[in-house]
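Structural description and commentary
Each chain, letter by letter, is given below.
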Amino acid sequence: MMDLYRKQRLKMVETQIRARGIADRRLLKAMEAVPRHLFVDEAIISQSYNDSPLPIDEHQTISQPYIVALMTEALELTGKEKVLEIGTGSGYQAAILAMLADHVFSIERIPSLATKARRLLEGMNIFNVAVRVADGTYGWRDEAPFDGIIVTAGAPALPDPLTAQLAVGGRLVIPVGGRFTQTLMKYTRLSEDPNDLKKENLGGCRFVDLIGDHGWRAD
Ligand code: SAM
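What this report covers is the structure whose coordinates are included nearby. (Residues numbered from 1 in each chain as written. Predicted model: local features only at pLDDT ≥ 70, side-chain atom pairs only at ≥ 80, totals over all residues. Heavy atoms only, no water.)

1. Brief notes about the pairing of strand 5 (residues 129-133)
This is how it is decided: DSSP-based pairing: two strands are paired if at least 2 bridges between them are found. In this description a helix means any DSSP run of H or I spanning at least four residues, a strand means any run of E spanning at least two, and both kinds are numbered starting from the N terminus. Orient the strands so they point away from the viewer; a crossover is then right-handed if the path from the first strand over the helix to the second runs clockwise.
Alignment of strand 4 (residues 103-108) against strand 5, held across five bridges, turns out to be parallel. When the bridges of strand 5 are listed, phenylalanine 105 appears paired with alanine 130. After leaving strand 4, the chain enters helix 5 (residues 111-123) and then returns to the sheet as strand 5, a path that is right-handed.

Laid out in structure tokens, this is it:
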């Protein structure tokens, strides 16, 4: 079927992503290829390629395209990596990661979102993403270590289980801060000691809450 949104998608990559300094060619190609509108509700499908986050079910959001690009670029993927995502949401970020890494493990705490995302990814013939329903603040111990970890919900602090599951040399990207605004942080694990981390500030951001035992409380 002809992709009616292709023109909008190419424009999105040019004006929102490339123009803001994202240069990873594999990432730009992936964002040109993945049909973001399939991850957005029919009622707001015309806004799919807007320069903003959009609401999805269960009062959650699909992140702004530029934020997806910025976080993904920070993972420095070459195609061989095992990546953990916390916060599957719509499944869009997972679809991008699937094109850039070897295998993606994605955790979502809300079952209906996980089911919908799984169905969408399978429908797009994406088979290197595993989606699990759980509290992602514990990570995915059976599959650790990960070369990249991406947390797509805002955390009060860096969850210890995640740094423990990061490979030496691995990159972890996470919004950390208050409930309304956070700082996007990149951590690179430098040695066997999980606290031996290089820290980089990627700028301000605003995410929905990371809710869990190593995140915010549900109430
Ligand atoms: N990456 C998503 C996408 O591409 O659509 C956007 C994620 S949305 C901003 C944040 C998601 O994190 C929500 O779906 C929310 O339910 C989920 N979440 C929050 N706390 C979580 C936790 N402890 N474990 C797993 N998922 C969590």
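2. Brief notes about the pattern of salt bridges
Keep this limit in mind: Any carboxyl oxygen of Asp or Glu within 4 Å of a side-chain nitrogen of Lys or Arg constitutes a salt bridge here. Relative accessible area decides the class of each residue, using a 1.4 Å probe on protein chains only: under 20% of the type maximum gives buried, over 50% gives exposed, and in between gives partly exposed.
Applying the stated criterion across every chain, the model contains nine salt bridges. With its nearest N and O atoms 3.3 Å apart, the salt bridge here joins arginine 18 to glutamate 32. Of this pair, arginine 18 sits in the loop between helix 1 (6-17) and helix 2 (25-33) while glutamate 32 sits in helix 2, and the two are 14 residues apart along the sequence. Given the relative accessible area of 36%, arginine 18 is considered partly exposed. Put simply, glutamate 200 and lysine 198 hold a salt bridge, and the shortest N to O gap is 3.8 Å.

3. Re the side chain of glutamine 182
What counts here: Any pair of N or O atoms that falls within 3.5 Å is considered a polar contact. Within protein, one atom must be able to donate a hydrogen and the other to accept it, and sequence-neighbouring residues count only if both atoms are side-chain atoms. Contact criterion: two residues are considered in contact whenever any of their non-hydrogen atoms come within 4.5 Å of each other.
Within the secondary structure, glutamine 182 sits in strand 8 (residues 182-189). On the accessibility criterion, glutamine 182 (4% relative accessible area) is buried. Here glycine 178 takes part through its backbone oxygen, which lies 3.2 Å from a polar atom of the side chain of glutamine 182. Ignoring anything within four residues of it in the chain, the contact list for glutamine 182 reads Gly154, Pro175, Val176, Gly177, Gly203, Gly204, Cys205, Arg206 and Phe207.

The values reported here are purely geometric and, on their own, carry no functional implication.
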